Amino acid sequence: QVQLVESGGGLVQAGDSLRLSCAASGLTFSMHDMGWFRQAPGKERESVATISWGERSTDYADSVKGRFTISRDNAKNTVYLQMNSLKPEDTAVYYCAAKHRFQPEYHYWGQGTQVTVSS
């Protein structure tokens, strides 16, 4: 059974930093692309950052480029999202997701962790 467990969310002030972690189990982590997504109240879920299975490529939403960094530790089956210079518009539930390298869509999801940025 695949499990993705996020941690590290919280309430911070604008300009602060947070690091989210996602621990994966029940899958061959090194063979999966990993991603962070977020959903704010009243908005659709959006992709924030993704990292390929071999760490060869990363991709970021324009709104977080230069502020957020995605990374992974295949030895620990964990993916991270370092978030710097946080803004109130970053407030959302952040979800970790995984897909096998040969699959087109993310199909494993975590339960989400709340990030709230006050102005």
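This section reports on the structure supplied with the text.

Cut-offs applied
- Residues numbered from 1 in each chain as written.
- Predicted model: local features only at pLDDT ≥ 70, side-chain atom pairs only at ≥ 80, totals over all residues.
- Heavy atoms only, no water.
- Helix = DSSP H or I, 4+ residues; strand = E, 2+ residues; numbered from the N terminus.
- Buried < 20%, exposed > 50% of the residue type's maximum accessible area, 1.4 Å probe, protein only.
- Contact = heavy atoms within 4.5 Å.
- Areas by Shrake-Rupley, 256 points an atom, 1.4 Å probe, with all protein chains shown as cover.
- Pairing = 2+ DSSP bridges.
- Axes fitted to C-alpha atoms, helices over the stretch in contact; angles between N-to-C directions.
- Phe/Tyr/Trp six-rings, centres within 6.5 Å; stacked < 30°, edge-to-face > 60°.
- Lys NZ or Arg CZ within 6 Å of the ring centre and 35° of its normal.
- Disulfide = S-S within 2.5 Å.
- Polar contact = N/O pair within 3.5 Å; in protein donor to acceptor, adjacent residues only side chain to side chain.

1. A short note on the overall build of the protein chain
The number of helices and strands found in the protein chain is zero helices and 11 strands. For the protein chain, the N- to C-terminal ordering of α and β elements is β-β-β-β-β-β-β-β-β-β-β. Considered along the principal axes of its C-alpha atoms, the protein chain spans approximately 40 × 25 × 25 Å. Buried positions account for 42% of the 119 residues belonging to the protein chain. Taking as baseline every contact in the protein chain between residues at least 6 positions apart, the subset at least 24 positions apart corresponds to 55%. Within the structure as shown, the protein chain displays about 6300 Å² of accessible surface, and the carbon and sulfur contribution to it stands at 44%.

2. As for the sheet that holds strand β1 (residues 3–7)
The four strands are arranged β1-β3-β8-β7 in an open sheet whose pairing can be described as antiparallel. The outermost strands of the open sheet, each flanked by one partner alone, are β1 and β7 (68–73). Each neighbouring strand pair of the sheet contributes to a mean axis angle of 15 degrees, computed without reference to strand direction.

3. Focus: the packing of aromatic side chains
Per the stated rule, a full pass over the model turns up two aromatic pairs. Consider the rings of Phe37 and Tyr106, whose centres lie 5.2 Å apart with planes at 70 degrees: the pair is edge-to-face. Note that Phe37 is positioned in strand β4 (residues 32–39) and Tyr106 in the loop between β9 (92–100) and β10 (108–109), a separation of 69 residues in sequence. The same class applies to Phe37 as to Tyr106, namely buried. Over the ring of Phe29 we find Arg72; its NZ or CZ atom is 4.4 Å from the centre of that ring. Positioned above the aromatic ring of Trp53 is the side chain of Arg101, whose terminal nitrogen or guanidinium carbon lies 3.9 Å from the ring centre.

4. Things to note about the state of the cysteines
As enumerated under the stated definition, the model contains one disulfide in all. Between Cys22 and Cys96 runs a disulfide, and the two sulfur atoms are separated by 2.1 Å. Between Cys22 and Cys96, the disulfide has an S-S torsion of -75 degrees and is therefore left-handed. One end of the pair, Cys22, is in strand β3 (residues 18–25); the other, Cys96, is in strand β9, and 74 residues separate them in sequence. With relative accessibility at 0%, the residue Cys96 sits in the buried group.

5. Focus on unusual backbone geometry
Phi angles above zero are rare outside glycine, and Asn77 is one such case at about 55 degrees. On the secondary structure map, Asn77 appears in the loop between β7 and β8 (78–83). In this structure, Ser85 is a non-glycine residue whose phi angle is positive, near 50 degrees. Its place among the elements puts Ser85 in the loop between β8 and β9.

6. A short note on the side chain of Arg72
Along the polypeptide, Arg72 turns up in strand β7. Relative accessible area serves as the criterion here: at 7%, Arg72 is assigned to the buried category. Looking at Arg72, its side chain comes within polar contact range of the main-chain oxygen of Ser52, at 3.0 Å. Not counting chain neighbours up to four residues away, the residues in contact with Arg72 comprise Phe29, Ser30, His32, Asp33, Met34, Ile51, Ser52, Trp53, Glu55, Thr78 and Val79.

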